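# Fold and geometry: a report
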Amino acid sequence: MDSIPYTERRNAITMNIDTDTPEGIVDLIHECNMEVFNGYENHTGLSDDTILNKLDQFVSLVRINLQTENSIIVLSGCGTSGRIGFLAATFFNELCLQQNLPPKYRYIIAGGNSALVTSIEACEDDPVIGTKELQCITDTYEHVLFVGITCGLSAPFVGGQLEYCLNNPQKFTPVLIGFNPVSMARRTHVSKWINDTTFYDISLRMETTAGALVINPIIGPEPISGSSRMKGGSATKVILDTVFYLASCNNMMKASEVIEMYRTAVGTMEIEGQDMATVVEQAGECLLNNASIRYVGSSTFGIWGMIDASECVPTYNSSYNDIRGFMANDYFRKNLNPEPPLSFVSPALHEATPDDLSKTFEDLPPSSIVVFIDKDYLLQKPLVEKLQEKGHHIVWIKILSTELFDPNSNVKIIDLSKCIPSTDVTMQYSSAEIILKLCLNTISTGAHVMKGKVFQNIMIDVRVSNVKLFYRAIDIIKSLAGVDYQTAERCLIQSIYQTNDIINDKTIDQHIMAVASNHDHVVPIALLMSLSNCSYTEAKLKMDKCPIIRDICTGTNQSST
Ligand code: S6P
């Protein structure tokens, strides 16, 4: 256990989340979220003194950069980490403009703009592309503060960029954000990293290089093991917002004071637990009955909805149509990096352009749920009424809007406005975003738990779309089926290629490419093969009869054969 990185460990709090009630699920996720601030085991999370000191140093670095000509701040990451970087860059550029300062924040996400709302996980294994993109974006600047985000201290895409910064200290000041000790940084080799460099090597260099900063509080394992979109994403947001907020204002607050405000805000969410549980229950039923969940929001609130929805695809192998987010204004598009005309554009990015939402929602399956985020509930009243007439469930997440609620309307309200601190507008908006993120994460995670996509607290239907997830899948099969590494790997590979043959002439990169064209339940089938010692064909047949993936692990499914 000791050698397993914290970000991949199982959290004791949620060990039985899969059999809990909706209220229980919400409470357990909340309890895990609070570990970000309060600590885990003998670690003190974001309240750690060493970390707080480093955050104050980080603030000074940002301040200097904001005042230096010909300099920029680049935020880079893969998956959720890249998305949080994008949102921070967008938000704080706006603040710069409001303060008549040049917008200095830039973002890089592995896989480009499409990866903001689509899972393009394989790109995170490429240190060469990471480096090229960094070179390209920083080419004309003299000074660059580079912030590489990788919750697991694992993504080679970010590793390659940090290495480039370390090799060019006259121009770059590198900062690494993640949630494992350096000793647990990933030591796996990836094919494209020359000299067999690993993320661990780079983390060590970061730790021992003067001027480089490693910010790696231990915030404890995720509620669903490895789902770093949850606590990892939240902690990243708190860190970035705290630092950029402090760097942008003239008050002499310390990082600890700002973090305390976030802690109080997140802690207060507990009082809305019952309402969130009602929505989790509805959302779970919705997925079980093949209905849909939709989020509608504007500006960054809308983007949070799109992001939360898109992350369910790799985490739970859910279908693109199960949960989708829609923008009600064109804020998203306006803030994207320009990309070459031939770049891949994900269909999900189209939802980033406002459309006629009533047309888009015309074909929603009966009893779907549409969640309106904050002021969009009021702006979209005609749509709300139309959807209600059709028997869909409406949820309103109220955060910053001050309008009173009509108690007679049949709308489920989650009133998070009570959690917003009474500080300045920037802090209020940033708190609102984190609270919204946690609320959406809870709804979508809870719904998938209820759908049976989680066994104990393990994501048993994860999509094996990069090296990290390949090894995670083997670990899942190994521990749940009690088989050795070789058996778990063999079953996984057979399931990927949908064959009973033994495949031993292909590389991990090829396995991952093959997953792209296999939308079956790759991990559950491999698990079933290992559990019942059966062939791919037999396991696939059993699997097709099993609508609830979790039943495979409990043995419910096997009795049917
Ligand atoms: C996790 C999410 C993934 C990760 C990505 C980067 O819930 O689905 O997309 O964000 O794999 O991970 P890391 O450890 O580099 O931040």
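Scroll up to find the structure this text is about.
Parameters at a glance
Residues numbered from 1 in each chain as written. Predicted model: local features only at pLDDT ≥ 70, side-chain atom pairs only at ≥ 80, totals over all residues. Heavy atoms only, no water. Helix = DSSP H or I, 4+ residues; strand = E, 2+ residues; numbered from the N terminus. Rg over C-alpha atoms; globule rule 2.2 N^0.38 Å. Buried < 20%, exposed > 50% of the residue type's maximum accessible area, 1.4 Å probe, protein only. Contact = heavy atoms within 4.5 Å. Areas by Shrake-Rupley, 256 points an atom, 1.4 Å probe, with all protein chains shown as cover. Lys, Arg positive; Asp, Glu negative; His and termini not counted. Charge placed at Lys NZ, Arg CZ, Asp CG, Glu CD. Phe/Tyr/Trp six-rings, centres within 6.5 Å; stacked < 30°, edge-to-face > 60°. Lys NZ or Arg CZ within 6 Å of the ring centre and 35° of its normal. Near = heavy atom within 4 Å. Polar contact = N/O pair within 3.5 Å; in protein donor to acceptor, adjacent residues only side chain to side chain. Salt bridge = Lys/Arg side-chain N within 4 Å of Asp/Glu carboxyl O. Pairing = 2+ DSSP bridges. Axes fitted to C-alpha atoms, helices over the stretch in contact; angles between N-to-C directions. Core = buried A, V, L, I, M, F, W, Y, C linked by side-chain atoms within 4.5 Å. Parallel < 35°, antiparallel > 145°, perpendicular 65-115°, else oblique. Left-handed = near helix turned anticlockwise from the far one by under 90°.

### Things to note about the overall build of the chain
Scanning the chain from N- to C-terminus turns up 21 helices and twelve strands. The C-alpha radius of gyration computed for the chain amounts to 23 Å, which stays within 12% of the reference 24 Å derived for 561 residues, consistent with globular compactness. For the chain, the spread of C-alpha atoms along the principal axes amounts to about 70 × 65 × 50 Å. Burial status across the chain gives 60% buried among its 561 residues. Sequence separation of 24 or more characterises 74% of the internal contacts of the chain that already satisfy a separation of 6 or more. By element, 51% of the accessible surface of the chain is carried by carbon and sulfur atoms, the whole surface being about 21,600 Å². The positive charge centre, built from 43 side chains, and the negative charge centre, built from 64, are 3 Å apart in the chain.

### Quick notes on the packing of aromatic side chains
Scanning all chains against the criterion turns up 14 aromatic pairs. Aromatic side chains Phe91 and Phe92 sit 5.0 Å apart centroid to centroid with 85 degrees between the ring planes, which places their arrangement in the edge-to-face category. For the residue pair Phe91 and Phe92, the accessibility class agrees, reading buried in each case. The interplanar angle of 65 degrees and the centroid separation of 5.4 Å between the aromatic rings of Tyr164 and Phe172 together place this pair among those described as edge-to-face. Put simply, the rings of Phe58, Phe91, Phe92, Tyr105, Phe244, Phe301 and Tyr429 pair up and form one aromatic cluster. Over the face of the ring belonging to Tyr6 we find Arg9, whose NZ or CZ atom lies 4.2 Å from the ring centre. Taking NZ or CZ as reference, Arg187 lies 3.6 Å from the ring centre of Tyr200, over its face.

### Some words on the site of the ligand
Every one of the 15 residues lining the ligand counts as a neighbour, but Ser81, Glu124, Thr150, Cys151 and Lys468 are closest to it. Take Ser228: an N or O atom from its main chain is 3.3 Å from an oxygen atom of the ligand. A distance of 2.8 Å separates an oxygen atom of the ligand from a polar atom in the side chain of Lys468. Considered on its own, the ligand offers 410 Å² of accessible surface; in the complex 95% of this is hidden by protein. Sorting elements by how many residues they give to the shell around the ligand places helix 3 (residues 79-98) first, with three residues.

### Here's the deal with the pattern of salt bridges
Pairing is possible between side chains that carry opposite charge, provided their charged atoms lie close to one another. Within the structure shown, the criterion is met by 18 salt bridges. For Asp241, the salt bridge goes to Lys237, with nearest N and O atoms at 2.5 Å. Here Asp241 pairs with Lys237, and both are found in helix 7 (residues 231-248), just four residues apart, close to one helical turn. The two residues Asp241 and Lys237 agree in class, both being buried. Of the charged contacts, one joins Lys540 and Asp544 as a salt bridge, the two residues approaching to 3.0 Å between their closest N and O atoms. One end of the pair is Lys540 and the other is Asp544, both in helix 20 (residues 536-544) and four residues apart, which spans about a single turn. Residue Lys540 is classed as partly exposed on the basis of its relative accessible area of 21%. In this structure, a network of salt bridges that share partners links the residues Arg83, Arg229, Asp308 and Glu311.

### Structural notes on the sheet that holds strand 1 (residues 71-77)
In space, the five strands of this open sheet follow the order 2-1-3-4-5, with parallel pairing throughout. Two strands in the sheet have a free side with no partner beyond their single neighbour: strand 2 (105-109) and strand 5 (213-215). Looking at each pair of strands side by side, their axes are set apart by 20 degrees on average, direction ignored. Across the sheet, helix 7 lies against strand 1, strand 2, strand 3 (143-149), strand 4 (172-177) and strand 5, angled at about 155 degrees from strand 3, the strand it touches most.

### Describing the nonpolar core
Membership of the largest hydrophobic core comes to 149 residues, with the highest contact counts inside it found for Phe58, Val62, Ile177, Phe244, Phe332, Ile397 and Leu492. Counting residues per element, this core draws most heavily on helix 15 (residues 425-450), which supplies eleven residues. Contacts of Phe244, omitting those with residues within four sequence positions, involve Phe58, Val62, Leu75, Ala88, Phe92 and Tyr105.

### Notes on the packing of helix 17 (residues 485-497) against helix 19 (residues 522-532)
At a closest axis distance of 8 Å, the pairing of helix 17 and helix 19 adopts a crossing angle of 130 degrees. Classified by the interaxial angle, the pair formed by helix 17 and helix 19 is oblique. Handedness of the crossing formed by helix 17 with helix 19: right-handed. On helix 19, the residues touching Ala488, Cys491, Leu492, Gln494, Ser495 and Ile496 of helix 17 are Val522, Val523, Ile525, Ala526, Met529 and Ser530.

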